[in-house]
Amino acid sequence: MAAHPYHRDNSREYLQCAHCALVFVPSGFHLSREEERAYYDLHENGLGDAGYRRFLNRCAGPLMERLDEYAEGLDFGCGPAPLLAQLLEEGGHPMRVYDPFYAPDETALQRRYDFIVTTEVVEHLSAPGPELEALWRLLRPRGLLAVMTKRVISPERFAGWHYTRDPTHICFFSDTTFHWLAGHLRGRLELAGPDVAFLHKSGVDPE
């Protein structure tokens, strides 16, 4: 992958892909799997957390406006408290969940869905391209992939951005990255909010 320097702070280096504009942390600065899990275990979001519910509704609300009745979905990267899946089920959508640490049931990745939602997940992925391509293949025709992640605005804003202070955040999308991804997947991009992106699949599967 062709990349050039983008930023450096006191603890990490950041590069930017010359093709898709993804800003990412080189692998030498990544936490181990054990360190990553320990950091996630510090999170205190729960199913009864009203603030967490409001936060997730920034994605769930506009998503449900675009779904057919009883559309089936997958919450990929649900974490220890799958509140998003609960919100969508409350809206009438049957859900399954997957998380490599907290819900590692691989059977959830062996079927197809009308929609897949991944909130505050892609910034943790060491190889987001292959992961998102795999999720795209799980979508039925006319499916929708919903991604919630804060987006890079400029190098100047990046330098003081709180999002980079989380050591598990290792890649950062921008509008340009999402437009590139939509073209790569042959999907239609809808930027539904400052941190919500919807990728719509066409009505037929590619050959």
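Residues numbered from 1 in each chain as written. Predicted model: local features only at pLDDT ≥ 70, side-chain atom pairs only at ≥ 80, totals over all residues. Heavy atoms only, no water.

So, on to the packing of helix α2 (residues 50-65) against helix α3 (residues 83-90). The geometry of α2 relative to α3 is characterised by a closest axis approach of 10 Å and an angle of 45 degrees between their N-to-C directions. In terms of orientation, α2 lies oblique with respect to α3. Seen from above, α2 lies across α3 with right-handed handedness. Where α2 abuts α3, its residues Tyr52, Arg53, Leu56, Asn57, Ala60, Leu63 and Met64 lie against Leu83, Leu84, Gln86, Leu87, Leu88 and Glu90. Here the contact of α2 with α3 is composed, by residue class, of nine nonpolar, two polar and two charged. (Axes fitted to C-alpha atoms, helices over the stretch in contact; angles between N-to-C directions. Helix = DSSP H or I, 4+ residues; strand = E, 2+ residues; numbered from the N terminus. Parallel < 35°, antiparallel > 145°, perpendicular 65-115°, else oblique. Left-handed = near helix turned anticlockwise from the far one by under 90°. Contact = heavy atoms within 4.5 Å. Nonpolar A, V, L, I, M, F, W, Y, C, P; charged D, E, K, R; others polar.)

Bringing the layout of surface pockets into the picture now. In this model, the largest pocket occupies a volume close to 880 Å³. Looking at the largest pocket, it is lined by 41 residues, and the ones nearest its centre are Tyr40, Gly77, Glu120, Val121 and His124. Those elements that place two or more of their residues in the lining of the largest pocket are α1 (33-40), α2, β4 (73-76) and α3. Of the residues belonging to the lining of the largest pocket, the class tally is 22 nonpolar, ten polar and nine charged. (1 Å grid on protein atoms, 1.4 Å probe; cavity = no way out; pocket = protein on both sides within 12 Å on 5 of 7 lines; lining within 4 Å. Points joined across faces, edges and corners; volume = space filled by probe spheres on them.)

In spatial order, the strands read β5-β4-β6-β7-β10-β9; together these six strands make up an open sheet with mixed pairing. Two strands lie at the open edges of the sheet, namely β5 (95-98) and β9 (188-193), each paired on one side alone. Along the sheet, successive strands turn relative to each other by an average axial angle of 20 degrees, direction set aside. Direction of pairing for strand β7 (residues 139-148) relative to strand β10 (residues 196-200): antiparallel, over a ladder of five bridges. Paired with Met148 across the two strands is Val196, which belongs to β10. Taken strand by strand, helix α4 (residues 128-138) contacts β4, β6 (113-119), β7 and β10, and its axis lies near 140 degrees from that of β7. (Pairing = 2+ DSSP bridges.)

Turning to the sheet that holds strand β1 (residues 3-8), a few remarks are in order. Ordered by their spatial adjacency, four strands build an open sheet running β1-β2-β3-β8, and the pairing between neighbours is antiparallel. Single-partner strands in this sheet number two, and they are β1 and β8 (171-172).

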